[in-house]
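Fold and contact review
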Amino acid sequence: MPTEGLININGDSVQVLQILFLTTMISVLPSLLVMMTSFAKYVISLSFLRTAMGTQQTPPNMVLVGLAFFLTLLTMQPVFAQIQTDAYEPYQAEEIDEEEFLERALVPMKRFMLDNTEPATLGLYCDLAGIETPSGEAAVDLPIHIVVPAFMTGELKDAFLIGFLLYIPFVLIDIVVASTLMSMGMVMLPPAMISTPFKLLLFISVNGWEMLFASLVQGVNLGLP
């Protein structure tokens, strides 16, 4: 048996190319998490909420990223389960090679992204690439460099729309507080000092965290077969 290109680890021979492939996959996982899931929309929406409430660095960035990460795991679980069944388990059983593993793993991810992408946005990127916009299941055959930016454009649009809706009630509180202080002649008192407790009271009284998380999760379309 030829041993060229093999490394012996604890008595087992491992292909060098396989090690390189796994190392590369691990290094690009953070980028895949951000660009091919709803993680970006979650973390941007939470950042808008923190800014609108005027709480500076509370919650801290680590908390926001952690919340976005676990919300992403929650919404992407059906997609990851399909990837494990269709791609990872056959690859572990050595029934398919690395190239076919990638092809099979990308199909559920593409279907998820396409289900959460507006047709007009997808058509824009197809026009930029000089190809005809497919319809229906044929869109899964589109290359990844078209599907990902189309998906991210829609995610950014949704995140900024959520941020706009989050800002409205808090801006109204700021306006009322500023007008009240000005009418009382207390122009030297920072309005944020007075409005922040009212913002927190409003957010807590309407159970804002649960409402926001439910809206974010329920807004994801998991149109898997």
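Our subject is the structure listed above.
To keep things clear, this report deals only with the structure shown in the data block. Quick caveat, the model's predicted, so the values are computed rather than measured.

**As for the packing of helix α5 (residues 119-129) against helix α6 (residues 144-183)**
The geometry of α5 relative to α6 is characterised by a closest axis approach of 9 Å and an angle of 140° between their N-to-C directions. With respect to each other, α5 and α6 are oriented oblique. Judged by the sense of rotation from one axis to the other, the crossing of α5 with α6 is right-handed. In contact with T121, L122, Y125, C126 and A129 of α5, α6 contributes I146, P149, A150 and T153.

**Remarks on the environment of T51**
Tracing the chain through its elements places T51 in helix α2 (residues 39-53). For T51, a relative accessible area of 48% translates into the label partly exposed. Through-space distance from the C-alpha of T51 to that of G163 is 9.4 Å; in sequence the pair is 112 residues apart.

**Thoughts on the layout of surface pockets**
Taken as a whole, the largest pocket encloses approximately 740 Å³ of empty space. Secondary structure elements with two or more residues in the lining of the largest pocket: α1 (16-35), α3 (61-92) and α4 (98-115). The biggest single contributor to the lining of the largest pocket is α1, with nine residues. Along the lines of polarity and charge, the residues of the lining of the largest pocket split into 20 nonpolar, four polar and no charged. Approximately 450 Å³ is the volume found for the second largest pocket. Lining the second largest pocket are 17 residues, and of these L165, L166, M211, L212 and S215 lie nearest its centre. Of all the secondary-structure elements, those providing two or more residues to the lining of the second largest pocket are α6, α7 (191-205) and α8 (208-218). By residue number, the principal contributor to the lining of the second largest pocket is α6, which donates seven residues.

**What about the side chain of T55?**
Here T55 shows up in the loop between α2 and α3. Contacts of T55, omitting those with residues within four sequence positions, involve R50 and L200.

**Here's the deal with α5**
Burial in α5 covers these residues: T121, L122, G123 and C126. Of the surrounding elements, those touching the buried residues of α5 are α4 and α6. Trailing α5 by a residue or two, G130 shows a phi angle of about 75°, which is positive.

**Quick word on the side chain of K41**
Relative to the helices and strands, K41 is located in helix α2. We note that K41 is buried and unpaired, the nearest opposite charge coming from E155 at a distance of 4.0 Å. Excluding residues within four positions of it along the chain, K41 makes contact with E155, D158, A159, G219 and V220.

**A word on the pattern of salt bridges**
A pair can form between side chains of opposite charge whenever their charged atoms are brought close. Summed over the entire model, instances satisfying the criterion amount to three salt bridges. The salt bridge partner of R104 is E100, with a shortest N-O separation of 3.0 Å. Remark: E100 and R104 occur in helix α4; sequence separation between them is four residues, near one turn of the helix.

**Brief notes about the packing of α3 against α8**
The geometry of α3 relative to α8 is characterised by a closest axis approach of 10 Å and an angle of 45° between their N-to-C directions. By the angle between their directions, the pair α3 and α8 is classed as oblique. Here α3 runs over α8; the crossing is right-handed. Residues L67, L71, L74 and T75 of α3 form the contact with α8, whose participating residues are F213, L216 and V217.

Conventions adopted
- Residues numbered from 1 in each chain as written.
- Predicted model: local features only at pLDDT ≥ 70, side-chain atom pairs only at ≥ 80, totals over all residues.
- Heavy atoms only, no water.
- Axes fitted to C-alpha atoms, helices over the stretch in contact; angles between N-to-C directions.
- Helix = DSSP H or I, 4+ residues; strand = E, 2+ residues; numbered from the N terminus.
- Parallel < 35°, antiparallel > 145°, perpendicular 65-115°, else oblique.
- Left-handed = near helix turned anticlockwise from the far one by under 90°.
- Contact = heavy atoms within 4.5 Å.
- Buried < 20%, exposed > 50% of the residue type's maximum accessible area, 1.4 Å probe, protein only.
- 1 Å grid on protein atoms, 1.4 Å probe; cavity = no way out; pocket = protein on both sides within 12 Å on 5 of 7 lines; lining within 4 Å.
- Points joined across faces, edges and corners; volume = space filled by probe spheres on them.
- Nonpolar A, V, L, I, M, F, W, Y, C, P; charged D, E, K, R; others polar.
- Lys, Arg positive; Asp, Glu negative; His and termini not counted.
- Salt bridge = Lys/Arg side-chain N within 4 Å of Asp/Glu carboxyl O.

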